[in-house]
Structures are given as structure tokens and as C-alpha cells.
Amino acid sequence: MKVISYNLNKHRAAGELAALVEQHEVDVLCLQECDSTDIPERIGGLRLADATQRNRLGLALYYRENTFRAEEVRAIALKKSLHDYVLKPAEERMLGVRLRDIDHGRDVIVASFHAAPLTALNSLRRHQIRTALTELQNLGPGLPALMVGDYNYPVFKENLGQKVRDQGYELTLSDTRTYTRYRFFRGHYDFATSMGFDIAHIKTLPQGQSDHLPILVTAEVTPSRAGALD
């Protein structure tokens, strides 16, 4: 399964999506900072599962409709930062979808996630991540789950990685940094947390109109988990 995660930077990079989907033969597309009133129902062979509605700049998730079927969708509001209260950029910061793999006859969970900005504390972002990962299991307890997006967590990721492992998930970074706009803040912002998936690699794609670089996640259900689900 190939998954692209892309923070569109206030929807500026929306025009790049069709080319990205075609070039990389994407199965799932997870977006952050998209304008839900200005996104299509389909991009290439991908169908819109859902988009958040309560955000000024929200989340969206597309899936390849000849491979998957969307079974359930859940948008979750997470603990707010001061930035959220004042500017109200986001109510829902996680959008999860339970997908039915048609060929293999099993379900997996994929989610798009956008943590609070750097004006918030790392402790608040950890709380958001912990809550989002817990909520994913409510879509299907024990199912393989992959959450990708803008974690806004450029430093002290070792601590975050341990917290994620304590919940039974793994944290995986891309091969190169994903945010380059400001020298001081450059680093890995966009990555993946997963359970029941083997992550072959995460590649940072070339920069477009966004201040974030898209990432391409190549993953498959862990063989032992696949046998249990089939």
C-alpha cells in the first residue's frame, strides 16, 4: 500500500495532487490544511472518503476505489492549544477511515493527522497524538492502523517514540526532512505512526507550493497480522 501525506499550506498546493497520485500510483491520499469546500470527489482513481467540516483548514482522505471500500469514518476533535482558541484554525485534528481491502477481504485503518502548531507545548502535542491513536482503535479494535500527517514535532522525537511504543505503535520518519521554510525550524515534521504494518520506507518527495514536503509511505500489513485477519 502506498500512502501520500501532504500539508497543503492553506490549500496552496492543491493543484499538485493529481500529478502526485498518478506519478506514484498512490492507494491512499491524506491531506492537511485543505479547504474542504474546494476539493473534488475524485482525484485520479481515488475517491474522497470524507473531509472535516468544522475547520477553517481541515483534513481529507482519499482511497483507491477499485482496491478499497470505506466502511466507517471518524473525525476527532483533540485537546486545543491557545492558538486554536484564539485563531480557530482547527476543531478536528484527526480523520480516520476503516477501509475494506477488497482483494484480501480484510479491514485496515488509515488516518490523516495534524497536531497543534509550534506555539503549543510538546506535552500538548503528545496528548493529541496519544488520544488520536487511542481513538483509531475504536474504529476497529486490533486492526492494523496507520496514521500519517503533520505532527509538528521537529525535536525530542526519541521521547515521543517511546510514548508511541508504550501504546503499541511504532514511529517512523521519512528519509529526509519535510519542512524547510525557516532555518531554525527545519526538520522532520511529517511522519507516520503504525500498528500491525511493516513500513518498508518513507520517502520525502520534492517540494512544491507548500512549505511542507509531501511524504510517500510504502507499507504492508504485517504477515502474522494478515494471517489472523484473513
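Here we summarise the structure given alongside this text. The shown structure was predicted, so the numbers you read here are calculated from the model rather than taken from an experiment. Numbering of residues starts from 1 in each chain and follows the order in which that chain's sequence is written. Note on the predicted model: pLDDT of at least 70 is required for a residue's local features to be given, and 80 or more for side-chain atom pairs to be given and counted; whole-chain, interface and lining totals, by contrast, use all residues. No hydrogens and no water enter the side-chain calculation; it runs on all heavy atoms of the structure.

1. Describing the pairing of strand β5 (residues 58–64)
Along any regular strand, the residues point their side chains to alternate faces of the sheet.
Point 1. Accessibility here uses a 1.4 Å probe with only protein chains present; expressed as a share of the type maximum, an area under 20% marks a residue as buried, one over 50% as exposed, and anything in between as partly exposed. A run of H or I in DSSP becomes a helix once it reaches four residues, and a run of E becomes a strand once it reaches two; helices and strands are each numbered from the N terminus. Along β5, seven of the seven residues are buried, which leaves the element largely enclosed by surrounding structure.
Point 2. Burial along β5 is two-sided: Gly58, Ala60, Tyr62 and Arg64 and Leu59, Leu61 and Tyr63, pointing in opposite directions, are all buried.
Point 3. The sheet contact formed by strand β2 (residues 28–34) and β5 spans five bridges and is antiparallel. Across the sheet, Cys30 pairs through a bridge with Leu61, a residue of β5.
Point 4. Strand pairing is assigned whenever DSSP detects at least two bridges linking the two strands. Sheet topology note: the strand β4 (residues 46–51)/β5 ladder contains five bridges and is antiparallel. Along β5, the bridge assignment pairs Leu46 with Arg64.
Point 5. Between the end of β4 and the start of β5, which pair antiparallel, lie six residues.

2. Quick notes on helix α4 (residues 157–166)
Owing to its 3.6 residues per turn, the α-helix aligns residues three or four sequence positions apart on the same side.
Point 1. Within α4, burial applies to Lys157, Leu160, Gly161 and Val164. The buried residues of α4 all sit within an arc of 100° when viewed along its axis, so they share a single face. Exposed residues lying more than 90 degrees from the buried face of α4 are Glu158 and Asp166.
Point 2. In what follows, residue pairs with any heavy atoms lying within 4.5 Å of each other are defined as contacts. Those residues of α4 that are buried lie in contact with α3 (122–138), β10 (170–172) and β11 (190–195).
Point 3. Taken from the residues just after α4, Gly168 is the one with a positive phi, measuring 90°. Our arc is simply the arc of the directions from the helix axis toward the C-beta atoms.

3. Overview of the environment of Thr222
Point 1. Structurally, the position occupied by Thr222 is in the loop between β13 (215–221) and α5 (223–229).
Point 2. In this structure Thr222 comes out as buried when scored by relative accessible area, which is 19%.
Point 3. Once the C-alpha coordinates of Thr222 and Phe197 are considered, the two residues, 25 residues apart in sequence, prove to be 4.9 Å apart.
Point 4. Within 3.5 Å is the distance limit for a polar contact, defined as a pair of N or O atoms, with the added protein rule that one can donate a hydrogen and the other accept it, and that residues adjacent in sequence qualify only through two side-chain atoms. Side chain to side chain, Thr222 and Asp198 meet in a polar contact 3.3 Å long.

4. A word on the packing of α3 against α4
Point 1. Helix axes are fitted to C-alpha atoms over the stretch in contact, other axes to C-alpha atoms as well, and angles between N-to-C directions run from 0 to 180 degrees. Contact geometry for α3 and α4: axes closest at 11 Å, N-to-C directions at 25°. It follows that α3 is roughly parallel to α4 by the angle criterion. Crossing handedness for the pair α3 and α4: right-handed. Residues Arg126, Ile129 and Leu133 of α3 form the contact with α4, whose own contacting residues are Asn159, Leu160, Lys163 and Val164.
Point 2. Only Asp, Glu, Lys and Arg are considered charged, only Ala, Val, Leu, Ile, Met, Phe, Trp, Tyr, Cys and Pro nonpolar, and every remaining residue, Gly among them, polar. When its residues are assigned to classes, the contact of α3 with α4 shows four nonpolar, one polar and two charged. Under this scheme an angle from 65 to 115 degrees is roughly perpendicular, one under 35 degrees roughly parallel, and one over 145 degrees roughly antiparallel; angles in between are oblique. For any pair of crossing helices, the crossing counts as left-handed if the nearer helix is rotated counterclockwise from the farther one by less than a right angle, and right-handed if it is rotated clockwise.

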